[in-house]
Amino acid sequence: MLAGQLELQQTFDNVERKEYLKHKDEVNCFAFSPDLEMMVTGADDGKVRVFNRVAGRLVCRLVAHTGAVKCVAISRDSKLIASGSYDTTVIVWRTCNTQIVYQLKGHARSVETVAFSPDSRFLCSGAWDNTAIIWDLQTGTARNIFTGHRNVIQCCTFSHNNDYLATGSWDHTVRVWPLLRAKMSQCHVLQGHTGNIHSVVFSKLGMLASGSWDKTIRFWNPKDGSHIATLTDHNGWVQAVAFSPDGTMLASVSDDEIVKVWDVKTGECVKTLQGEIDQLQACVFSTDGALIVSGASTLCFKMTKSKNNEDNNNKDEDELNVRGSSSEQSGDAK
């Protein structure tokens, strides 16, 4: 698994490339802390790995799931990590000491997506059972269970003001759920995509974007569910989308190994970036405008390492194998 960092200087020149070599099985998911110093991955071997992204060093492995880890997320304050698994559970880990805070049980099938609310008080999970659950992280209990999708929920995200939750599904729709109790029944079903929805994201300005395996990106107004624009320049499945901090640009990655940067106002593609990262899966902007993209499979970027560094990294892998500790609590959806 590897990642590249692109500086936001109009040319988006690639200034940093790193390999992360500690995975023993296929990598399914990525998440980055807001400052981009921490990167978390989940793999088919059931382990969650925490890296120092800047140093390119494995910090620890979190071991508790009994199935492949399908999704990971980091809270905005970086104090919590969440992971969802084929074993149908969601685990919330404390970053500072790797202890399990909650093991959440409520889904009947594999959990495919997890996302923290901006205030880190809630966590949403979506699964193959076609449901999304919002968990209260003060109590470890289910606050809301949303039904309505007719197929797998692949992605979810909270709006920056906590007013909305968006979910994307293999039923080709995006649903926008108002989180104010008085309006929870007023769900907007956003139709137009002709393929699975693989990524949804809100801008700080309130716009919603969705990326789909129909090779398009759509902009929506979450308040009324109206369609704003469609971006159609990708030749492969769109795997991830991310807004820049000011909401004026959108980055997208697709399985044709292409990264595109779009002007949100005009809908024009202002930059196409094609590197050597296979199976692009994730992209995120830093607060200072750098763009991080990550992929899995073939490791193409070569880095010069001394033998001593390689030996130290192997030692890290052997020693930092952390299992869930006695502070674990169980949460169930009732």
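Residues numbered from 1 in each chain as written. Predicted model: local features only at pLDDT ≥ 70, side-chain atom pairs only at ≥ 80, totals over all residues. Heavy atoms only, no water.

**What about the overall build of the protein?**
Working step 1: Helices and strands together make up the secondary structure of the protein, namely 1 helix and 30 strands.
Working step 2: The buried share of the protein, reckoned over its 334 residues, is 55%.
Working step 3: Counting contacts in the protein only where the partners sit at least 6 residues apart, residues at least 24 apart contribute 45% of the total.
Working step 4: Taken as a whole, the protein presents about 14400 Å² of accessible surface, with 44% of it coming from carbon and sulfur. (Helix = DSSP H or I, 4+ residues; strand = E, 2+ residues; numbered from the N terminus. Buried < 20%, exposed > 50% of the residue type's maximum accessible area, 1.4 Å probe, protein only. Contact = heavy atoms within 4.5 Å. Areas by Shrake-Rupley, 256 points an atom, 1.4 Å probe, with all protein chains shown as cover.)

**Remarks on the sheet that holds strand β24 (residues 249–254)**
Working step 1: Strand order across the open sheet formed by 4 strands is β23-β24-β25-β26, with antiparallel pairing between neighbours. Of all the strands in the sheet, the pair left with one neighbour each is β23 (238–243) and β26 (269–274). On average, adjacent strands in this sheet sit at an angle of 15° to one another, irrespective of strand direction.
Working step 2: Sheet topology note: the β23/β24 ladder contains 5 bridges and is antiparallel. Opposite Ala242, over in β24, you have Ala251 as the bridge partner. (Pairing = 2+ DSSP bridges. Axes fitted to C-alpha atoms, helices over the stretch in contact; angles between N-to-C directions.)

**Some remarks on unusual backbone geometry**
Leave glycine aside and you will find that most residues have negative phi; peptide bonds, for their part, are mostly trans.
Working step 1: At Asn130, a position not held by glycine, the phi torsion is positive, near 70°.
Working step 2: Locating Asn130 in the fold gives a position in the loop between β12 (122–127) and β13 (132–136).
Working step 3: One non-glycine residue, Asn162, adopts positive backbone phi at about 70°.
Working step 4: In this fold, Asn162 is placed in the loop between β15 (153–158) and β16 (164–169).
Working step 5: Judged by its relative accessible area of 21%, Asn162 falls in the partly exposed class.

**What to know about the layout of surface pockets**
Working step 1: Space inside the second largest pocket adds up to approximately 290 Å³.
Working step 2: What lines the second largest pocket is a set of 19 residues, and nearest its centre among them are Leu205, Gly206, Met207, Pro222 and Lys223.
Working step 3: Here the residues of the lining of the second largest pocket are counted per class, giving 9 nonpolar, 7 polar and 3 charged. (1 Å grid on protein atoms, 1.4 Å probe; cavity = no way out; pocket = protein on both sides within 12 Å on 5 of 7 lines; lining within 4 Å. Points joined across faces, edges and corners; volume = space filled by probe spheres on them. Nonpolar A, V, L, I, M, F, W, Y, C, P; charged D, E, K, R; others polar.)

**Some thoughts on the side chain of Ser120**
Working step 1: The topology assignment puts Ser120 in the loop between β11 (111–116) and β12.
Working step 2: Look at Ser120 and you get buried, because its relative accessible area is 10%.
Working step 3: Residue contacts for Ser120: discarding those within four places in its chain leaves Ser75, Arg76, Asp77 and Leu137.

**Describing the sheet that holds β11**
Working step 1: Spatial ordering of the open sheet is given by β11-β12-β13-β14, a layout of 4 strands whose pairing is antiparallel. Both edges of this open sheet fall to β11 and β14 (141–146), since each of them pairs with a single strand only. Neighbouring strand axes in the sheet, compared pairwise and without regard to direction, differ in orientation by 20° on average.
Working step 2: Pairing between β11 and β12: 5 bridges, direction antiparallel. Bridge pairing in β12 places Val114 opposite Ser125.

**Section: the confidence of the model for the protein**
Low pLDDT means the predicted atomic positions in that stretch should not be read closely.
Working step 1: Averaged over all residues, the pLDDT of the protein is 85; the fraction at 70 or higher stands at 81%.
Working step 2: Every residue in residues 6–10 scores below 50 in pLDDT, and together they form 15 contacts with partners more than four places removed in sequence or on other chains.
Working step 3: For residues 297–320, every residue scores under 50 in pLDDT, and the model assigns this stretch 37 contacts once sequence neighbours within four places are set aside. (pLDDT = per-residue confidence, 0-100.)

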